[in-house]
Every structure is written in structure tokens, then in C-alpha cells.
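Take a look at the letters that make up each chain.
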Amino acid sequence: MTGMGVSSVPELETARLRLRAHRPDDHDACTAMWADPAVVRYIGGRPFTAEETWRRMLGSRGMWSMLGFGYWAVEEKAGGRYVGDIGFGDFRREIEPSLVGMLEFGWVLSPQAHGHGYASEAIAAATAWADVHLPGMRAVCLINEGNAASIRVAAKAGFREWRRTTYHGEPALVFAR
């Protein structure tokens, strides 16, 4: 299944997390996360405005309709607190090597959710979903070479360094699984 006509976002659950569609009431928590300098340090380096965050949320939902995959909002099952975003897209980045047509994984968690193993837990659920629903798509992730925490999470999820590149003037690593 590679898109066109998929309008709903599947809900996934792990022991502690729920991966679900973004909702309008996520906007405040999502904006706070994307405005945090620690969160964006390796993702463009510039905090996002509330408007930019809203567009990001709309894009997360829209990818599911256009591609048949996209990003989930991550919430804690105990209490329902929004703690981040995880998923995959095909961003048609202008980068070498080209990642077009590949399943590009990405994840971001609010600082209060760091250090609890949430990223690894959510990635395992997303990977299992992709293995069933998107078989044969090459899974990759693009990580700033200074982002040691994300590199560790990627390695734990079975990603291995594939290529070194530059993206928006910054050294970056492309991992594949």
C-alpha cells in the first residue's frame, strides 16, 4: 500500500505510549516542544513559531492521505499527555544520496520525555507497522552527526550508517535498516 486514498491514521499502542493522529488540541504542547532550543538544536537549529507548528501538524495528517504513511502524535497512555511526534515521510529532500521513494523515519520528543526509552518504544511500534503495511520500502533516517542521542536510538532500532552527506550546510548521516 503506497498511498492515495488513505485518509485515516492508524492508532498504535505500546506498553506506555499511544501513537495516534494529531488533533487540534495538541497545538499548545506541540508548539512548546518545537519552540524549545534543545529540541530543534539538530533539526534546523531555529525554534518554530506557533504558525509553523500548526503547518507541521497539518502536514503530519496530510501525509497519510497522500502517501499512505506519515507522522503520529505520541502520547503517554497514563494521563494522555502529548510528548512528541514519530513517523516517516518522503520529503523529496534535495540531498545526495537521494532519499526519494524511501521511508524516511523521524522522531522528536519533548525534553520532559527524554531519557525514558519512549523513542525506542515508539520506533519499534512504527517499524512493526511499516514492516506489515509498507513491505519492500527501504527505511532510512537522516541525523545531524552531532546528535549522539538520536544516533544511539537509530542504532538500537537496527539502523546502520549508510552514507555521510551534507544537508542545509550541516554534516549529516544517513542510516538505513
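Scroll up a little and you will see the structure.
Residues numbered from 1 in each chain as written. Predicted model: local features only at pLDDT ≥ 70, side-chain atom pairs only at ≥ 80, totals over all residues. Heavy atoms only, no water.

Here we come to the pattern of salt bridges. Side chains that differ in charge, positive against negative, can pair when their charged atoms come close. Tallied over the full model, the rule gives 16 salt bridges. Here E51 ties to R55 by a salt bridge, and the two come within 2.9 Å at their closest N and O atoms. Residue E51 and its partner R55 are located together in helix α3 (residues 50-67), separated by 4 residues, close to a single helical turn. Accessibility assignment for this pair places E51 and R55 in one class, exposed. A cluster of three or more residues bridged by salt bridges with shared partners is formed by E11, E13, R18, R20, R23, D25, D26, E75 and K77. (Salt bridge = Lys/Arg side-chain N within 4 Å of Asp/Glu carboxyl O. Helix = DSSP H or I, 4+ residues; strand = E, 2+ residues; numbered from the N terminus. Buried < 20%, exposed > 50% of the residue type's maximum accessible area, 1.4 Å probe, protein only.)

Let us look at the layout of surface pockets. The calculated volume of the largest pocket comes to roughly 1,500 Å³. Around the largest pocket, the lining is made up of 47 residues, and of these Y42, I43, W107, V108 and N147 lie nearest the centre. Every element with two or more residues in the lining of the largest pocket is listed here: α2 (37-40), α3, β5 (103-109), α4 (118-133), β6 (139-144), α5 (148-156) and β8 (170-176). Broken down by element, the residue count for the lining of the largest pocket peaks at 6 residues, all from β5. The class makeup of the residues in the lining of the largest pocket is 24 nonpolar, 14 polar and 9 charged. (1 Å grid on protein atoms, 1.4 Å probe; cavity = no way out; pocket = protein on both sides within 12 Å on 5 of 7 lines; lining within 4 Å. Points joined across faces, edges and corners; volume = space filled by probe spheres on them. Nonpolar A, V, L, I, M, F, W, Y, C, P; charged D, E, K, R; others polar.)

Another aspect to go through is the nonpolar core. Core analysis: the largest hydrophobic core is formed by 35 residues, its most contacted members being L19, W72, F88, F105, W107 and W129. At the level of elements, β2 (17-20), β3 (71-76), β4 (82-89), β5, α4, β6, α5 and β8 are the ones that each hand at least two residues to this core. Looking at this core element by element, the count peaks at 8 residues for α4. In this structure W107 touches D85, I86, A119, I123, C141, I143, S150, V153 and A154, once residues within four positions along its chain are discounted. Of all hydrophobic cores here, the second largest spans 10 residues; its members include C30, M33, W34 and A73. (Core = buried A, V, L, I, M, F, W, Y, C linked by side-chain atoms within 4.5 Å. Contact = heavy atoms within 4.5 Å.)

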